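# Close look at the chain arrangement
Now for the letters of each chain:
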Amino acid sequence: MSNDIRIKKGLDIKLKGEAEKTVEQAVISNYFTIRPEDFHSVIPKLIAKEGALVEAGGTLFYDKSYESIKFASPVSGKVIEVVRGPKRRIDAIKILADKTQVYQDNGVVNLDSAKPEAIKAHLLASGCWPFIKQRPYDVIANPNKSPKAIFISGYASAPLVADLDFTLKGKEAELQAAVTALGKLTEGKVHVSVGKDSNSSLAGLSGITLHKVSGPHPSGNVGTLINKVDPINKGETVWTVNAQDLVIIGELLLTGKFNAERIVALAGSSVEKPRYFKTKLGSEVSTIVYDKGIKKGGLHDRIISGNVLSGKEIEPDGALDYYNNTITVIPEGDDYELFGWNKPVFNKISITRAFTFSWLFPNKEYDLNTNTNGEHRAFVTTGNYEEVFPLDIFPLQILKACMYTDLDEMEALGMYEVAPEDFALTEFICVSKQPHQQIIRKGLDVMLKEIG
């Protein structure tokens, strides 16, 4: 028996370049890169220094604030470079991969008899703990706190993002092992959402509370699931895990191996043949984007690790982010239209009907670029944010509270349960061109520092 959640507020952005449901093995990268910036608020303490040999699953560094949280290498090989920034900050760890992979043996866990503390210790020691994030603050979960519930979104509603029904197919054993282990780490429930009409591998798992969601984006965001099922109050904590990361956790528990393999969607209007690839965390993006002439259009494109709303721009020689399962390539928007604000628009998406006609063609797919179609200015009160924001929170008010860092007001407005991705749509439609996700991230950082 499932619980239905129907989202009415939101916006589906239909873009050209959806990945075809076929999987190919990506060209195996020679180099893999792990960036500590992917783990927000973590201060890394290096263990594997330049020249060190590591096994797949071997520890590269740990968190200075929580020394038990270790970060594992996705491959076996040699650490060839530690890239440092200002004040010797660790920006990246580059590994030259072995031709034949050697895996660290972490041992198999008997989930039927294992105690919660033993499971937690195993996940911490093996490097799988960073896959578990917490709210409030949207950071890696504090292992010293117990969550009131765990939330997993198995429904991807963002534009061009990887289809989880497809990428999780055939992984039922790993998924079940992961949710069984996670279920022992909370006294509450493990809430899992799937699409209303989907055929997800998550739907048949035992030990979960299933929710079938429908409606426009952000219906697939885990923040939407939390808000509709069990909102977070002051002093409470919930954990979240990405659906594909469950597979890595489950395989570790069943086999003892940290297998950082991931199925990644290559999508976007600048991709000649969008499809899925099997690769590993931290792999070179060029092995996917430029292999076999996949990418077209030349140098005038933007490569994004993640989806177009909340992903991060990366260079052609960059690496796949730790938490993303999508690489999107769309045209760079550095051109400008003469009198673009004062003429009818047919090839763009808008929630208003002023000189725009996208509302007449709800199923039309668009070839959009990265142009913001305007410049940064002060907030304009239009009431449009509420049309695409399904959470029971006032979006404009909480954004302003973050800007002038009023902690009491941020608490009262519901800051504990939001993450930057929850404001991706409001940023997309913002006539003021304000960086909503950046504002929320800074607000969460202030709360984490001052309140903890």
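Below, the structure is looked at part by part. Starting from 1, residues in each chain are numbered consecutively following that chain's sequence as written. For this predicted model, a pLDDT threshold of at least 70 governs which residues receive local features, and a threshold of 80 or more governs which side-chain atom pairs are given and counted, while totals over whole chains, interfaces and linings are taken from all residues. Only hydrogens and water are removed before side-chain values are computed, so all heavy atoms of the structure are retained for them.

What follows is about the nonpolar core. Nonpolar side chains tend to gather and get buried jointly when the protein is soluble and globular. Here the nonpolar core consists of buried residues drawn from Ala, Val, Leu, Ile, Met, Phe, Trp, Tyr and Cys, with membership extended through side-chain atoms lying within 4.5 Å. For every residue, the accessible area (1.4 Å probe, protein chains only) is compared with the maximum for its type, and the residue is labelled buried under 20%, exposed over 50%, or partly exposed between those bounds. By size, the foremost hydrophobic cluster in this structure holds 63 residues, and its most contacted members are Leu123 and Trp129. Runs of E in the DSSP output that reach at least two residues are strands. Runs of H or I that reach at least four are helices, and both are numbered from the N terminus. No other element matches the seven residues that helix α5 (residues 243-255) contributes to this core. Any two residues having at least one pair of non-hydrogen atoms within 4.5 Å are treated as being in contact. For tryptophan 129, the contacting residues outside a window of four places in its chain are Ile69, Lys120, Leu123, Leu124, Ile140, Ala141, Pro143, Leu185 and Trp239.

Before going further, it helps to spend a moment on a nonpolar patch on the surface. A cluster of nonpolar side chains, namely Tyr31, Ile80 and Leu96, defines an oily patch on the protein surface of about 240 Å² accessible area. Within the secondary structure, tyrosine 31 sits in strand β3 (residues 31-34). What makes tyrosine 31 partly exposed here is its relative accessible area of 37%. Exposure above 30% relative accessible area and no salt bridge define the residues that can form patches, which grow by joining like charges within 9 Å and nonpolar side chains of Val, Leu, Ile, Met, Phe, Trp and Tyr within 5 Å. Accessible areas in this description were obtained via Shrake-Rupley with a 1.4 Å probe; residue shielding takes into account the shown protein chains only. A side-chain nitrogen of Lys or Arg and a carboxyl oxygen of Asp or Glu constitute a salt bridge if their distance falls within 4 Å.

Let us look at the sheet that holds β3. When DSSP finds two or more bridges between a pair of strands, those strands are recorded as paired. Sheet architecture is open: four strands sit in the order β3-β9-β8-β5, paired in antiparallel fashion. Two strands lie at the open edges of the sheet, namely β3 and β5 (53-54), each paired on one side alone. Where β5 meets strand β8 (residues 77-84), two bridges bridge the pair, whose relative direction is antiparallel. Across the sheet, leucine 53 pairs through a bridge with lysine 78, a residue of β8.

Below, the discussion takes up the sheet that holds strand β4 (residues 44-46). Taken in spatial order, the three strands make up an open sheet running β4-β6-β7, and their pairing is antiparallel. What marks the edges here is a single partner per strand, and that holds for β4 and β7 (70-72). Between one strand axis and the next, the sheet turns through 35° on average, direction left out of account. Direction of pairing for strand β6 (residues 59-63) relative to β7: antiparallel, over a ladder of three bridges. To get an axis, fit a line to the C-alpha atoms, keeping to the stretch in contact for a helix; angles then go from 0 to 180 degrees between the N-to-C directions.

This paragraph deals with the packing of helix α1 (residues 116-126) against α5. Here α1 crosses α5 at 110°, and the two axes come no closer than 11 Å. Relative to α5, α1 is oriented roughly perpendicular. Taken together, the residues of α5 that come into contact with α1 (itself represented by His122, Leu123 and Ser126) are Ile249, Leu252 and Leu253. For this classification, the nonpolar set comprises Ala, Val, Leu, Ile, Met, Phe, Trp, Tyr, Cys and Pro, the charged set comprises Asp, Glu, Lys and Arg, and every other residue, Gly included, is treated as polar. When grouped by side-chain class, the residues that make up the contact of α1 with α5 number four nonpolar, two polar and no charged. Note on angle classes: values under 35 degrees are labelled roughly parallel, values over 145 roughly antiparallel, values of 65 to 115 roughly perpendicular, and the remainder oblique.

When two helices pack together, their arrangement is captured by the angle between the axes and the distance separating the axes. Relative to each other, helix α3 (residues 172-183) and α5 sit at 85°, their axes nearing to 7 Å. As judged from the angle between their axes, α3 and α5 are roughly perpendicular. When α3 is examined against α5, the residues Ala173, Glu174, Leu175, Ala177, Ala178, Val179, Ala181 and Leu182 are found in contact with a partner set consisting of Ala243, Leu246, Val247, Ile249, Gly250, Glu251, Leu253 and Leu254. Looking at the contact of α3 with α5, its residues break down into 13 nonpolar, one polar and two charged.

Take the side chain of threonine 287 next. Mapped onto the secondary structure, threonine 287 falls in helix α6 (residues 286-289). Pairs of N or O atoms within 3.5 Å make up the polar contacts considered here, provided that, within protein, one atom can donate a hydrogen while the other can accept it, and that residues adjacent in sequence are counted only when both atoms are side-chain atoms. Among the polar contacts listed, one links the side chain of threonine 287 to the backbone oxygen of glutamate 284, at a separation of 2.6 Å.

Expected span, for any helix, means 1.5 Å times one less than how many residues it has. The end-to-end C-alpha distance of helix α11 (residues 436-450) is 21 Å, a good match for the 21 Å that 15 residues give at a rise of 1.5 Å each. Those residues of α11 not exposed but buried are His436, Gln437, Ile439, Ile440, Arg441, Gly443, Leu444 and Met447. Glycine 452, located one to two residues past α11, shows a positive phi value of around 80°.

The next point concerns the pairing of strand β13 (residues 190-195). Counting buried residues along β13, six of its six residues qualify, which places the element largely inside the surrounding structure. Examined bridge by bridge, strand β12 (residues 149-153) and β13 share four bridges and lie parallel to one another. Residue pairing across strands places serine 153 opposite serine 193, the latter belonging to β13. Examined bridge by bridge, β13 and strand β14 (residues 209-214) share five bridges and lie parallel to one another. Considered in β14, the bridge of glycine 195 is made with valine 213.

Further remarks concern a positive patch on the surface. Residues scored as charged are limited to Lys and Arg (positive) and Asp and Glu (negative), so that His and the chain ends carry no count. Every charge is mapped to an atom, namely NZ of Lys, CZ of Arg, CG of Asp or CD of Glu. Taken together, the side chains of Lys45, Lys49, Lys64, Arg84 and Arg88 make up a positively charged region of the molecular surface. For lysine 64, the position within the fold is in the loop between β6 and β7.

Here the focus is the pattern of salt bridges. Enumeration over the complete set of coordinates arrives at 18 salt bridges. Put simply, aspartate 38 and lysine 312 hold a salt bridge, and the shortest N to O gap is 3.6 Å. Of the two residues, aspartate 38 is situated in the loop between β3 and β4 and lysine 312 in strand β19 (residues 312-314); the sequence distance between them amounts to 274 residues. For the salt bridge of arginine 302 with glutamate 313, the shortest nitrogen-to-oxygen distance reads 3.8 Å. Within this pair, whereas arginine 302 is found in strand β18 (residues 301-305), its partner glutamate 313 is found in strand β19, the two being separated by 11 residues in sequence.

Of all the residues in helix α8 (residues 395-403), the buried ones are Pro395, Leu396, Ile398, Leu399, Ala401 and Cys402. Turning to α8, the residues buried within the fold contact α7 (385-388), α9 (407-413) and α11. Trailing α8 by a residue or two, threonine 405 shows a phi angle of about 45°, which is positive.

Attention now moves to the environment of lysine 364. Tracing the backbone through its elements, the reader meets lysine 364 in the loop between β20 (326-331) and α7. Considered as a pair, lysine 364 and proline 74 are 290 residues apart in the sequence and their alpha carbons are 40 Å apart. For lysine 364, the residues in contact, after removing those within four places along its chain, are Lys14 and Phe346.

Below, the discussion takes up the environment of alanine 56. Structurally, alanine 56 can be placed in the loop between β5 and β6. Each C-alpha atom of the pair alanine 56 and lysine 312 lies 26 Å from the other, and the pair is 256 residues apart in sequence. Filtering out sequence-adjacent residues up to four positions away, alanine 56 remains in contact with Ser73, Pro74, Val75, Ser76, Gln101, Val102, Tyr103, Gln104 and Phe258.

Moving on, we come to unusual backbone geometry. Here arginine 135 and proline 136 are connected by a cis peptide whose omega angle stands at 15°. Positionally, proline 136 belongs in the loop between β10 (132-135) and β11 (139-140). Here the amide bond leading from histidine 217 into proline 218 is cis, since omega sits at 20°, within 30 degrees of zero. With phi around 55°, lysine 87 is a residue other than glycine that occupies positive phi space. Mapped onto the fold, lysine 87 is located in the loop between β8 and β9 (90-97).

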